[in-house]
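Secondary and tertiary structure notes
Below, each chain spelled out in residue letters.
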Number of protein chains: 2
Amino acid sequence: MRRWLPATWRTRTARSHCVTQPSAPTPYSRTTQSLPPCCWSTASTLPLPEVDEQSYELQISGVGIKETTLTLDDIKKFPKYTLTACIQCAGNRRGEMSTVKPVKGLDWGSAAIGNAQWSGARLYDVLTSLGLKEDDPKVKHIKFKGMDTDVINVPYGASIPVEKGMNPRGDVLLAYEMNGEPLTIDHGFPLRVIVPGTVGARNVKWLSSIKVSGCESPAHWQQYDYKGFSPSVDWDTVDWSSAPAIQELPVISAICDPVNGASVKPNQGKVKLRGYAFSGGGHQVVRVDVTADKGHTWHTATLEQESARPPRHWGWTLWTVDVPVSPKASRVEFWVKAVDNSYNTQPETINNIWNLRGILNNAYHRIKVNITK
Amino acid sequence: MRRWLPATWRTRTARSHCVTQPSAPTPYSRTTQSLPPCCWSTASTLPLPEVDEQSYELQISGVGIKETTLTLDDIKKFPKYTLTACIQCAGNRRGEMSTVKPVKGLDWGSAAIGNAQWSGARLYDVLTSLGLKEDDPKVKHIKFKGMDTDVINVPYGASIPVEKGMNPRGDVLLAYEMNGEPLTIDHGFPLRVIVPGTVGARNVKWLSSIKVSGCESPAHWQQYDYKGFSPSVDWDTVDWSSAPAIQELPVISAICDPVNGASVKPNQGKVKLRGYAFSGGGHQVVRVDVTADKGHTWHTATLEQESARPPRHWGWTLWTVDVPVSPKASRVEFWVKAVDNSYNTQPETINNIWNLRGILNNAYHRIKVNITK
């Protein structure tokens, strides 16, 4: 697989706010409802920021709000909320996209995604305590900055719409725990933002400041890195302002077990497949279908997911299905597609969703396996 | 096109709560931001209910609420809200689906959709005034009944999740006006529910009662008529309880002008195409792409839509694009796809989304036209 990645893009994107070891395949043994942090470290090419918990301070400022500085202890005085959320990088499954035409970005497999239980204070509670009104017409976005910086010393920045950040049902957390333990440095210690249902890039780690604003973050990662374009747009014709910054991600699924190219022995004529599915914006995955005959027959998987009221399905869905294969087959291609509760589903192929950054690849995930007797 | 429709299904579905003349093509001249009611009448095979405005009463009852009866004047005493919302039937574009394999349902074209300005009281205000709390754990659904009945005298019924109905940002209206005029009888006079971003079937007309409840409507139209299944599920194997009742609809688009089979004369080598796009749940349509060469080249359309804050893009998006065609071509096939702000897009073909009721057809819309000199 060709890797076509200028160094400047590499440094800008690689230590981003995603969550897993994205170049590895995702063995299904790691896809449980809560991954331990050791299975979930972030690929980093720049040094992680050095953070001292005792001197840590979060700056909060902006429109309609009392400017303040909070310590970690101050944050912990707010009511503690715990939720399960799946965080996915927009570049998940980028590697497949570059098989159609080269893209700029790391050749990630299907593991740029993870699921965990997060605990912290609600952003809603913190900002409300500082006087922000839900319906302040001057406020449109909530900006975050991280303590990490790029090669030219610009701190990481991103923003979310105020309708998400100041919605008590939006469940945005200032999180200090992951799976019941303090965040590790890889996961944004001492404090990160969890924006459930929203692309990893907005889940800012090593949070240094929050700014309530009438405009979107001007940061590179908001204005350029994470936007989708038509397949006919290239680096010479792209108009970055013509597309919205990614917030919610589209419905996606992947086969984790077996992996592409594996040899598998059917059990009573059937191959067991397992994987994950996810949809952004709190949408629930309601069906996962797998085919071994290019769509002539679809087998509906059994789903495992946390119960939640709509639209707060923040976690991923794990699925399992036994698919019959012909006794004569020596090689079988499997496809998977998921359907969410708005009945959005995935595009069949990458061709018509290809884009110059190689993001948002939610085409059917396809693997080929060798059948052994 | 084969019409395969037992009489019992026909009577159950045909006078449903959709909005347009669904078997007709949609001339673009009719797709403006607000259609006059005369362009928007409902196909009905059962008599419309007879309603006397003076004696009209709306019954409201259920869990956590003071039981009451309101007249139309009582409803009009609540603050009046006006919004633009697109209402689409789940069976829009069903006709194309039956070209893959027969389905049960009317062979509708791409006109089972419409856009209008609606005015009325917010359901949130009415139910709050009767004592309902947003977070009452016993309340899960809000049920509606219409004054129209099916052939065995069962009144039309449907329900929506309380998270939509009791969300002040959900914008659910008890509407008494359409485009600034009292509702016509076709559109649900004197009162109908407008559930923006939600399938037509939940936008109950001729509203007779509202019930706040811990469970979904048991009505046929909630439990059977509007659910999606895998292409491999047929009438012998369907498990109706295995799929959720449709609420939000997936992203869709259609070419309205020219119509399929038309003869068109290019202007300076280009054919002008126009149509609509829409996505459920308040999602904004952010891009519409058209191809004349099976996806090798995509041309991005100019969009016309009302401004709105996320996630309240309740109206449809109209689009226009000039697509170059080869000077030698005598017949060209055009495809359209839309992308919404969660970057969900449409499946390429109907094959893998086919379902026994022929609903939820949001595959690329494809037309063939003859090129004249």
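Numbering of residues begins from 1 in every chain and follows the order in which that chain's sequence is written. Going through the entries in the order they are written, you letter the chains from A and number the ligands from 1. A pLDDT threshold of at least 70 governs which residues receive local features in this predicted model, and a stricter bar of 80 or more applies before side-chain atom pairs are shown or counted, although totals over entire chains, interfaces and linings include all residues. Hydrogens and water molecules were not included; the side-chain quantities draw on all heavy atoms of the structure.

As for the overall build of chain A
Think of it this way: any DSSP run of H or I at least four residues long counts as a helix, any run of E at least two long counts as a strand, and we number them from the N terminus. A tally of helices and strands in chain A yields six helices and 19 strands. Relative accessible area decides the class of each residue, using a 1.4 Å probe on protein chains only: under 20% of the type maximum gives buried, over 50% gives exposed, and in between gives partly exposed. In chain A, buried positions account for 61% of the 373 residues. Taking as baseline every contact in chain A between residues at least 6 positions apart, the subset at least 24 positions apart corresponds to 73%. Only the protein chains shown count as covering a residue, and every accessible area follows the Shrake-Rupley method with a 1.4 Å probe. When the accessible surface of chain A is split by element, carbon and sulfur atoms take 51% of a total near 14,100 Å². Residues count as neighbours in contact if any of their non-hydrogen atoms are within 4.5 Å of one another.

What about the relation of the copies chain A and chain B?
Once chain A is rotated about the relating axis by 180 degrees and shifted along it by 0.0 Å, it coincides with chain B to within an RMSD of 0.0 Å. Such a turn and shift between the copies fits a two-fold axis. Of every C-alpha in chain A, the one belonging to A:Pro347 sits nearest the axis of rotation, 2.2 Å from it. Comparing interface residues between copies, 100% of those in chain A also sit at the interface in chain B, which points to an isologous, same-surface contact. The superposition of copies rests on a least-squares fit of C-alpha positions from residues with pLDDT of 70 or more in both.

Quick word on the UniProt feature "domain: Moybdenum cofactor oxidoreductase dimerisation" (unreviewed entry) in chain A
UniProt positions are given in the numbering used here, feature names are shortened, and annotations may be inferred rather than shown by experiment. Under the UniProt annotation, "domain: Moybdenum cofactor oxidoreductase dimerisation" (unreviewed entry) lies at residues 244–370 of chain A. Structurally, residues 244–370 of chain A comprises 0% helix and 42% strand, and the distance from its first C-alpha atom to its last is 42 Å.

A look at the environment of A:Leu273
Residue and element names in this part refer to chain A. By the element assignment, Leu273 lies in strand S13 (residues 270–278). Considering only alpha carbons, one finds Leu273 and Trp319, 46 residues apart in sequence, at a separation of 8.2 Å. Excluding residues within four positions of it along the chain, Leu273 makes contact with Ile255, Asp257, Pro258, Val290, Trp319, Thr320, Val321, Val323, Phe334 and Ile367.

A closer look at the domain arrangement of chain A
All names here are of chain A. Splitting chain A by domain gives domain 1 (57–224) and domain 2 (252–371). The centre of domain 1, based on its C-alpha atoms, is set 29 Å off from the matching centre of domain 2. Contacts between the two partners involve 29 residues from domain 1, matched on the other side by 29 residues from domain 2. In terms of surface lost to domain 2, no three residues of domain 1 exceed Arg93, Met97 and Gly197, which account for 26% of the buried area on that side. Salt bridge, as used here, is a side-chain nitrogen of Lys or Arg placed within 4 Å of a carboxyl oxygen of Asp or Glu. Run the count over domain 1 and domain 2 and you get one salt bridge. Think of a polar contact as two N or O atoms within 3.5 Å of one another; within protein, one of them needs to be a possible hydrogen donor and the other a possible acceptor, and neighboring residues in sequence only count if both atoms come from side chains. Across the contact surface, domain 1 and domain 2 share 17 residue pairs in polar contact (both at pLDDT 80 or more). The split into domains, and so the bounds of each, comes from an automatic or database assignment of domains. The quantity reported as buried area is the accessible area (1.4 Å probe) lost by two parts once they are put together, taken as the sum for both.

Looking at the packing of aromatic side chains
Aromatic rings in a pair are described by how distant their centres are and how their planes are angled relative to each other. When the centres of two rings from Phe, Tyr and Trp lie within 6.5 Å, Trp using its six-membered ring, the rings pair. Their planes under 30 degrees apart give stacked, over 60 give edge-to-face, and anything left gives tilted. Scanning the entire structure with this criterion turns up 14 aromatic pairs over all chains. In textbook terms, an aromatic cluster arises when at least three aromatic residues are bridged by ring pairs, as seen for A:Tyr224, A:Phe229, A:Trp235 and A:Trp240. A:Arg94 extends its terminal NZ or CZ atom over the ring of A:Trp108, reaching a point 5.9 Å from the ring centre. In this structure, B:Lys76 is placed above the aromatic ring of B:Tyr176, and the distance from its NZ or CZ to the ring centre is 5.3 Å. Lysine and arginine charges are scored as sitting over a ring when NZ or CZ, respectively, is within 6 Å of the ring centre and within 35 degrees of the ring normal.

So, the layout of surface pockets
Size it by volume and the second largest pocket reaches roughly 820 Å³. Cavities and pockets are found on a 1 Å grid laid over the protein atoms alone: a cavity is a set of points where a 1.4 Å probe fits but cannot escape, a pocket is an open set with protein on both sides within 12 Å along at least five of seven lines, and a lining residue has an atom within 4 Å of such a point. If you trace the second largest pocket, you find 28 residues lining it, with A:Glu134, A:Asn167, A:Pro168, B:Asn167 and B:Arg169 closest to the centre. Of all the secondary structure elements, the ones that give two or more residues to the lining of the second largest pocket are helix H5 (162–165) of chain A together with helix H5 (162–165) of chain B. For this classification, the nonpolar set comprises Ala, Val, Leu, Ile, Met, Phe, Trp, Tyr, Cys and Pro, the charged set comprises Asp, Glu, Lys and Arg, and every other residue, Gly included, is treated as polar. Of the residues contributing to the lining of the second largest pocket, the split by class is nine nonpolar, two polar and 17 charged. Grid points are joined across faces, edges and corners, and a volume is the space filled by probe spheres set on the points.

Examining the pairing of strand S6 (residues 155–161) of chain A
Residues and elements named next belong to chain A. With respect to burial, S6 is a largely interior element, six of its seven residues being buried. Across six bridges, strand S5 (residues 141–149) lies against S6 in antiparallel orientation. Bridged to Phe144 within S6 is Ala158. Following DSSP output, two strands are said to pair if at least two bridges run between them. Between S5 and S6, which pair antiparallel and follow one another directly, the connecting turn spans five residues, one of which, Asn153, has a positive phi of 70 degrees.

Section: the interface of chain A and chain B
Residue-level contacts link 47 residues of chain A with 47 residues of chain B. Taking both sides of the interface into account, the surface hidden between chain A and chain B amounts to around 3,700 Å²; carbon and sulfur atoms contribute 44%. Contact with chain B buries surface across chain A, with A:Arg169, A:Tyr343 and A:Asn352 losing the most and accounting together for 21% of the total. The interface formed by chain A and chain B holds four salt bridges in total. B:Glu163 serves as the salt-bridge partner of A:Arg309, at 2.8 Å between the closest nitrogen and oxygen. Remark: the boundary between chain A and chain B carries 23 residue pairs in polar contact (both at pLDDT 80 or more). Elements with a minimum of two residues in the side of chain A that touches chain B: H5 and strand S14 (285–291) of chain A. A total of three residues in the side of chain A that touches chain B trace back to one element, the largest contributor, which is S14(A).

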